[in-house]
Amino acid sequence: MSEYDLNVEVNIRRETAAIQTASFDIPLIVAEHNVFLERTRTYQDIDSILQDFPITSNVYKIASRLFSSEIGMGEVVVGKRQINRSTFTVTQVTEGGVNSITINGTAYQYQTLEDDEREDVAAALAASYTTNPLVGIVLTNNMDGTITITSEQNVLWVATASQNINIDQGSSTETWVNAISQSLDENPAPYVILCETHNLDDITSIAQYIESTDSKFYYTSTSDISLKGTGALPNGLAGLTRTAIVWSQEANNEYPEAKHVAEVIPATVGSTGWCFRSAAGLTASKVTTTERNNIFNKNLNLVLNIGQRLHFQQGTTLEGNGIFEIMIKDWIKARIQEEVFGLFVRLRKVPMTQEGSALIEQAIRRVLDEGVSNGAIEPNYSVTAPLVRDISMNDKIKGIMRTFNFTAYYQGEVRKAVINGVLTYDV
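So, how was this worked out
- Residues numbered from 1 in each chain as written.
- Predicted model: local features only at pLDDT ≥ 70, side-chain atom pairs only at ≥ 80, totals over all residues.
- Heavy atoms only, no water.
- 1 Å grid on protein atoms, 1.4 Å probe; cavity = no way out; pocket = protein on both sides within 12 Å on 5 of 7 lines; lining within 4 Å.
- Points joined across faces, edges and corners; volume = space filled by probe spheres on them.
- Nonpolar A, V, L, I, M, F, W, Y, C, P; charged D, E, K, R; others polar.
- Pairing = 2+ DSSP bridges.
- Helix = DSSP H or I, 4+ residues; strand = E, 2+ residues; numbered from the N terminus.
- Axes fitted to C-alpha atoms, helices over the stretch in contact; angles between N-to-C directions.
- Contact = heavy atoms within 4.5 Å.
- Patch = residues over 30% accessible without salt bridge, like charges linked within 9 Å, V, L, I, M, F, W, Y side chains within 5 Å.
- Areas by Shrake-Rupley, 256 points an atom, 1.4 Å probe, with all protein chains shown as cover.
- Salt bridge = Lys/Arg side-chain N within 4 Å of Asp/Glu carboxyl O.
- Lys, Arg positive; Asp, Glu negative; His and termini not counted.
- Charge placed at Lys NZ, Arg CZ, Asp CG, Glu CD.
- Buried < 20%, exposed > 50% of the residue type's maximum accessible area, 1.4 Å probe, protein only.

Lay out empty space enclosed by the protein in plain terms, naming residues and giving numbers.
According to the stated counting rule, one finds 2 cavities of 30 Å³ or more in the structure shown. By volume, the largest cavity is sized at about 70 Å³. What lines the largest cavity is V264, I265, A267, T268, V269, G270, S271, T272, W274, F324, M327 and I328. Grouping the constituent residues of the lining of the largest cavity by class yields 8 nonpolar, 4 polar and no charged. Volume-wise, the second largest cavity comes out at about 50 Å³. Along its surface, the second largest cavity is lined by Q82, N84, S151, E152, Q153, N154, V155 and E174. In the lining of the second largest cavity, the residues fall into 1 nonpolar, 5 polar and 2 charged.

Any details on the sheet that holds strand β10 (residues 165–168)? Residues and values, ideally.
Taken together, the 4 strands give an open sheet; going across it, the order is β7-β8-β4-β10, and neighbouring strands pair in antiparallel fashion. The open sheet has two edge strands with one neighbour each: β7 (137–141) and β10. With direction set aside, neighbouring strand axes in the sheet form an average angle of 20°. Direction of pairing for strand β4 (residues 85–90) relative to strand β8 (residues 146–151): antiparallel, over a ladder of 5 bridges. Bridge assignment links F88 to a residue of β8, and that residue is I147. Running at roughly 150° to β7, helix α3 (residues 118–130) makes contact with β4, β7, β8 and β10 of the sheet.

Mind laying out the pairing of strand β6 (residues 106–111), listing which residues take part and the relevant values?
One ladder, built from 6 bridges, connects strand β5 (residues 98–103) with β6; its direction is antiparallel. Each bridged residue has a counterpart across the sheet, and for S100 the counterpart in β6 is Q109.

Residue-level account of a negative patch on the surface, with values.
Together, E95, E114, D115, E117, E119, D120 and D144 give the surface a local cluster of negative charge. Within the secondary structure, D144 is located in the loop between β7 and β8.

Could you give me a rundown of unusual backbone geometry, with the residues and numbers involved?
Each neighbour pair has its own omega, and for Q313 with Q314 the value is 10°, a cis peptide bond. Tracing the sequence through the fold places Q314 in the loop between β15 (309–313) and α9 (323–346). Cis geometry is adopted by the peptide bond preceding T403, which originates at R402 and carries an omega value of 0°. Residue placement: T403 occurs in the loop between α11 (393–398) and β17 (405–407). With a phi angle near 50°, N104 is a residue other than glycine that sits in the positive phi range.

Account for the side chain of D395, with residues named and values stated.
For D395, the location among the structural elements is in helix α11. In this view, D395 contacts M352, I400 and R402; residues no more than four positions away in its chain are not counted.

I'd like a description of the pattern of salt bridges, backed by residues and values.
Applying the stated criterion across every chain, the model contains 16 salt bridges. For D214, the salt bridge goes to K333, with nearest N and O atoms at 3.5 Å. You can see D214 sitting in the loop between α5 (200–213) and β12 (217–222) and its partner K333 sitting in helix α9, a full 119 residues away along the chain. For D214, a relative accessible area of 37% puts it in the partly exposed group. For K333, a relative accessible area of 39% translates into the label partly exposed. Two residues, R335 and E338, come together in a salt bridge whose shortest N-O distance is 3.0 Å. On the criterion of helical spacing, the pair formed by R335 and E338 is a turn pair, its members being 3 residues apart in helix α9. In this structure, R335 and E338 share a single accessibility class: buried.

Next comes the structure, spelled out in structure tokens:
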């Protein structure tokens, strides 16, 4: 107790209830694997990625691009498309040896007896599993020294085996959309979605799903030569606002979209344009002038080498507008929601009065002022707040204060300069 407490009592209440804020600098990589049990895992550097994924994996290829930026990527989330059918083959039988398969941390073991064959070991392991089976996971003895493990939809699992048992991970029947959806359900923080598949049908289904979220962004690449022609984009892709595609003949090897993302999203939203960002370490897109124009007409992006500098052109979504536009829109929406909700949480109440209207207007202006400071919007924005006397009685009873309106103007980014000049001998 302080000596002053006898005569002067001071009580201070901290009204600093934390409101979770949306992140725009966290990417999600979704790939087909059974590396870890959970649906997602977060990594802070490429070394931690390497502990789980080999250099040859697509996850490593994508992550190495993301962590290559000089700006510095803080963290990367890796999600998984669950492999739901794998085969385990007994390759060697040693008398007295311990054979084991571990599924989701539960070990199933069998010690080899004299005269046991591969088929006997597989059958014994399968029998061991039946004593303590896992929900949604079926283990089948194929009667030939192999065991098949299958899982139901959305049942996550991971398995290891003793050295004498070979694992063929198999492939997944889960859709990419379900894998992404489940990953975001477990960890909703990522904003930009990257996926190992570059198949146009997969791209279309993912792009349509991301469009429906109204809160995420999808960036991918393709080497599909049909896109260099004069034809239109495949059905379902044209005009999408939340998808960007870069064309590269090395799409499946280099994942250029990850490099582009790495050069922008770690920076403050609105401070960095998408066009002309460095593409160092990538291969320039091999296109003729006609093919380049065809690609640009489809609102795709390219890796170009101009002036001995590899960079990205154009930085647009499939709609044809700059990627920065959708990011700024999402940023403003999220920050206003957070700012106004924070107001509701911190104050004992926001009154249904003109004073309450002014408090919400000030919260909106704080976000827009930050957008101006970040270079996202121009300073000449406007905000109008409702007059309480004009709010209907029904809305007042329900506690709804409507409607606040604002108009703000993108600062934009210059992607082309037109210059006219005259050279002459006349003075």
